[in-house]
Amino acid sequence: MSGPRGSNGMGELPRWDDLEAAVPQVAATMRRYLAQIGCVLRPGSVGGADLALRCFAAFLARAAPEVTSIAQVTRRHIEGYKPWLAAGPGRTSRG
């Protein structure tokens with residue numbers, strides 16, 4: 001699921017097709033949610049949600065392969081996601 005590096009130094013996010021292969025139920029739930037909010041939110045807001053959900057799904061696929069549905073996501077997963085996201089490639093600490 002790792003793609004070429006983006007122009008900003010960050011790795012590219014996996015596509016939904018890739019995520020559906022890795023975590024099918026998680027990806028399906030997230031895509032249904034995006035379709036629902038697409039009816040009421042502006043395209044830019046939906047695009048931002050899409051990026052955030054793909055990033056979280058990628059984290060689950062890599063760091064928590066035991067999670068096969070959104071119902072299985074716990075606080076432990078959310079807490080693990082925060083440092084994973086902050087330590088992503090291309091991030092620098094400020095201090």
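Note that this is a predicted model, so its numbers are computed, not measured.

Caption draft 1: Representation of the pattern of salt bridges in the model. Throughout the structure, instances matching the rule amount to six salt bridges. R76 is the partner of E66 in a salt bridge, and the nearest nitrogen-oxygen pair spans 3.3 Å. On the criterion of sequence distance, the pair formed by E66 in the loop between α3 (43-63) and α4 (75-86) and R76 in helix α4 is long-range, its members being 10 residues apart. Overall, the relative accessible area of 44% leaves E66 in the partly exposed class. Put simply, E79 and R75 hold a salt bridge, and the shortest N to O gap is 3.5 Å. One end of the pair is E79 and the other is R75, both in helix α4 and four residues apart, which spans about a single turn. Note on R75: relative accessible area 66%, which makes it exposed. Within the structure, one salt-bridge network assembled from shared partners comprises R75, E79 and K82.

Caption draft 2: Just helix α2 (residues 24-37), in detail. Helix length check: α2 (14 residues) gives 20 Å between terminal C-alpha atoms against 20 Å at 1.5 Å per residue, within 8%. For α2, every residue scored as buried is listed here: V26, A27, M30, L34 and I37. Within α2, the buried residues cover an arc of 95 degrees as seen down the axis, which keeps them to one side. The outward face of α2, more than 90 degrees from its buried face, is lined by the exposed residues P24, R32, A35 and Q36. On its buried face, α2 sits against α1 (16-22) and α3.

Caption draft 3: Region of interest: the packing of α3 against α4. Packing of α3 against α4 brings their axes to within 10 Å, and their N-to-C directions diverge by 105 degrees. Taken together, the axes of α3 and α4 are roughly perpendicular relative to one another. In this structure, α3 contributes A52, C55, F56, A58, F59, L60 and R62 to the contact, and α4 contributes H77, I78, G80, Y81, W84 and L85.

Caption draft 4: Here's a closer look at the packing of aromatic side chains. A complete count under the given rule lists five aromatic pairs for this structure. On the numbers, 6.0 Å between centres and 20 degrees between planes, the contact of F56 with F59 is stacked. Taken as a pair, F56 and F59 lie in helix α3 at a separation of three residues, close to a single helical turn. Each member of the pair F56 and F59 is classed as buried.

Caption draft 5: View of the confidence of the model for the chain. Per-residue confidence for the chain averages 87 on the pLDDT scale, and 81% of its residues sit at or above 70. Averaged pLDDT values over the elements of the chain bottom out at 94 in α4 and peak at 98 in α2.

Analysis parameters
- Residues numbered from 1 in each chain as written.
- Predicted model: local features only at pLDDT ≥ 70, side-chain atom pairs only at ≥ 80, totals over all residues.
- Heavy atoms only, no water.
- Salt bridge = Lys/Arg side-chain N within 4 Å of Asp/Glu carboxyl O.
- Helix = DSSP H or I, 4+ residues; strand = E, 2+ residues; numbered from the N terminus.
- Buried < 20%, exposed > 50% of the residue type's maximum accessible area, 1.4 Å probe, protein only.
- Expected span 1.5 Å × (residues − 1).
- Arc of directions from axis to C-beta.
- Contact = heavy atoms within 4.5 Å.
- Axes fitted to C-alpha atoms, helices over the stretch in contact; angles between N-to-C directions.
- Parallel < 35°, antiparallel > 145°, perpendicular 65-115°, else oblique.
- Phe/Tyr/Trp six-rings, centres within 6.5 Å; stacked < 30°, edge-to-face > 60°.
- pLDDT = per-residue confidence, 0-100.

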